[in-house]
Amino acid sequence: MRILYHHRTLGDGAEGIHIQSIVNCLKDLGHEVRVASLVGEQTQFRTSQKARESKWDKIKNIIPKPVYELAEIAYNLKGKSMLMSAMKEFKPDIIYDRYAHFSFSALWAAKKAGLPLILEVNSPYPIQKRQWEKVYFPGLSKMGEQKIFEAAPKIIVVSSPLKQIIADYGVDTKKVTVLPNGTDASRFDPKLDASQLKKELGLEGKTILGFVGILRSWHNIDKLINILEDIDLKKMNAAMVFLGDGPSYDELVAYNKEKGNEETIRFLGRVQHTEIQKYIAMFDIAISPHATPYSSPMKILEYMAMEKAILAPDMPNIKDIIDDEKNGKLFTPDDAASLKSNLLKLMENESLRKKIGTQARKDVLLKLTWENNARLTADLAGQLIQEFKNN
């Protein structure tokens with residue numbers, strides 16, 4: 001099968017991992033894949049500083065926000081031209097499009113060429129953008145998203161709440177498949193030895209709690225710090241490790257220092273994703289204090305692959321991958337008492353940690369790898385190609 005993969009992203013962070021993983025696994029399965037994007041074939045991992053210094057980020061920051069929203073619409077002219085050129089040269093059987101705000105160029109090009117298309121949806125942009133920034137054309141944003149979802153022949157979403165959002169638009173959900181994110185189970189190997197790293201960090205012999213991710217205000221890290229203080233990590237011979245940077249990094253480091261927690265609560269900054277498994281290997285318990293309600297958190301899948309006992313909020317999207325008491329432990333969202341009691345339960349019960357960690361790894365191998373996602377995606381693509389031929 002010849003697949004033309006289109007995205008309008010910087011190919012950075014989690015999105016870059018997702019894109020590159022699916023593309024590589026599709027190729028490993030014997031399919032030919034061509035990537036069409038403004039940043040080219042390769043994705044990348046950038047520190048926050050590099051992100052601030054990149055050409056595309058500088059351009060985005062210079063353009064007035066209302067103009068930038070209009071530029072997102074104008075991109076479709078460039079996108080369509082880029083895709084039509086790629087189709088002429090590559091001659092794909094199908095187009096795979098990673099949905100972006102106001103992005104309909106792949107649908108436009110597919111319709112013109114008479115090709116089937118799969119739309120991958122990771123976020124509902126009219127909802128997401130309102131959380132972080134002002135949306136200058138909200139009606140147009142919502143209407144555009146609805147029209148794009150209606151026009152797509154087949155849609156893959158990363159969570160069941162996303163499927164419901166699409167259903168709320170009145171779109172036929174028979175064409176929507178829920179496919180949570182995956183992970184690389186060969187790289188996230190529970191057999192990795194973390195003893196040297198623990199020694200270097202002065203964490204030998206301690207129960208280690210861990211978090212990986214971008215530090216934003218809504219992650220409730222400050223509240224987690226307060227809970228950890230209440231638990232008294234030093235008394236329990238435990239330590240908390242935060243891996244990641246982000247908008248709230250400096251503020252949280254200062255807050256933690258002010259409260260005198262530097263010995264037991266560590267902020268190690270952002271680690272290259274190619275190295276992150278070495279740090280997760282240290283964890284005894286991996287904590288996700290908050291989650292976006294429609295996301296499929298990649299870090300939770302990486303924790304699962306590493307056989308870690310996971311503590312995460314009891315939300316529909318999290319329950320797509322976590323079964324309480326079987327492959328993880330769920331707490332009531334935004335409830336400090338629930339988080340604390342469930343964390344203590346895991347800290348005090350090593351056998352429970354081992355049991356749910358072992359099951360988590362089994363579940364990853366069974367259904368939550370990038371290879372499995374690529375195989376299911378290829379199956380959907382094959383079915384859609386056949387449907388187009390029959391019509």
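No experiment lies behind these values; they were computed from the predicted model shown.

Student: Teacher, can you tell me more about the packing of aromatic side chains here?
Tutor: What describes a pair of aromatic rings is the distance from one ring centre to the other and the angle between the planes of the rings. For the structure on display, the rule yields nine aromatic pairs. On the basis of an interplanar angle of 40° and a centroid distance of 6.0 Å, the ring pair of phenylalanine 104 and tryptophan 108 is categorised as tilted. Look at tyrosine 249 and phenylalanine 267: their rings are 6.4 Å apart centre to centre, the planes differ by 85°, and that puts the pair in the edge-to-face class. With tyrosine 249 in helix α11 (residues 249-258) and phenylalanine 267 in strand β9 (residues 265-267), this residue pair connects regions lying 18 residues apart in the sequence. The class for phenylalanine 267 is buried, based on a relative accessible area of 15%. Across from the ring centre of phenylalanine 90, 4.4 Å away, lies the NZ or CZ of arginine 2, which sits over that ring. In this structure, arginine 8 is placed above the aromatic ring of tyrosine 75, and the distance from its NZ or CZ to the ring centre is 5.7 Å.

Student: Whenever I open this one, empty space enclosed by the protein confuses me. Can you help?
Tutor: Applying the stated criterion to the full structure yields one cavity of 30 Å³ or more. The calculated volume of the largest cavity comes to roughly 60 Å³. If you trace the largest cavity, you find it lined by His18, Ile22, Tyr96, Glu120, Ile156, Val158, Leu179, Pro180, Asn181, Asn373 and Thr377. Secondary-structure elements contributing two or more residues to the lining of the largest cavity are α1 (13-28) and α17 (370-390).

Student: Would you explain the packing of α1 against α17 in this entry?
Tutor: When two helices pack together, their arrangement is given by the angle between the helix axes and the distance between those axes. Put simply, α1 and α17 touch, their axes get as near as 8 Å, and they point 65° apart. Here α1 lies roughly perpendicular to α17, going by the angle between them. The way α1 lies across α17 gives a crossing that is right-handed. Residues His18, Ser21, Ile22, Cys25 and Leu26 of α1 form the contact with α17, whose own contacting residues are Trp370, Glu371, Asn373, Ala374 and Ala378. Along the lines of polarity and charge, the residues of the contact of α1 with α17 split into six nonpolar, three polar and one charged.

Student: Would you mind showing me how to read the packing of helix α4 (residues 65-90) against helix α5 (residues 105-113) here?
Tutor: α5 packs onto α4 with a crossing angle of 45° between their chain directions and a minimal axis gap of 8 Å. As far as their axial angle goes, α5 and α4 are oblique. Here α4 runs over α5; the crossing is right-handed. For the pair formed by α4 and α5, the contact residues are Tyr75, Asn76, Leu77, Gly79, Lys80, Leu83, Met84 and Met87 on the first element and Ser105, Ala106, Trp108, Ala109, Lys112 and Ala113 on the second. For the contact of α4 with α5, the class distribution of residues is nine nonpolar, three polar and two charged.

About the thresholds
Residues numbered from 1 in each chain as written. Predicted model: local features only at pLDDT ≥ 70, side-chain atom pairs only at ≥ 80, totals over all residues. Heavy atoms only, no water. Phe/Tyr/Trp six-rings, centres within 6.5 Å; stacked < 30°, edge-to-face > 60°. Helix = DSSP H or I, 4+ residues; strand = E, 2+ residues; numbered from the N terminus. Buried < 20%, exposed > 50% of the residue type's maximum accessible area, 1.4 Å probe, protein only. Lys NZ or Arg CZ within 6 Å of the ring centre and 35° of its normal. 1 Å grid on protein atoms, 1.4 Å probe; cavity = no way out; pocket = protein on both sides within 12 Å on 5 of 7 lines; lining within 4 Å. Points joined across faces, edges and corners; volume = space filled by probe spheres on them. Axes fitted to C-alpha atoms, helices over the stretch in contact; angles between N-to-C directions. Parallel < 35°, antiparallel > 145°, perpendicular 65-115°, else oblique. Left-handed = near helix turned anticlockwise from the far one by under 90°. Contact = heavy atoms within 4.5 Å. Nonpolar A, V, L, I, M, F, W, Y, C, P; charged D, E, K, R; others polar.

So far we have only geometry, and geometry alone does not tell us how the molecule works.
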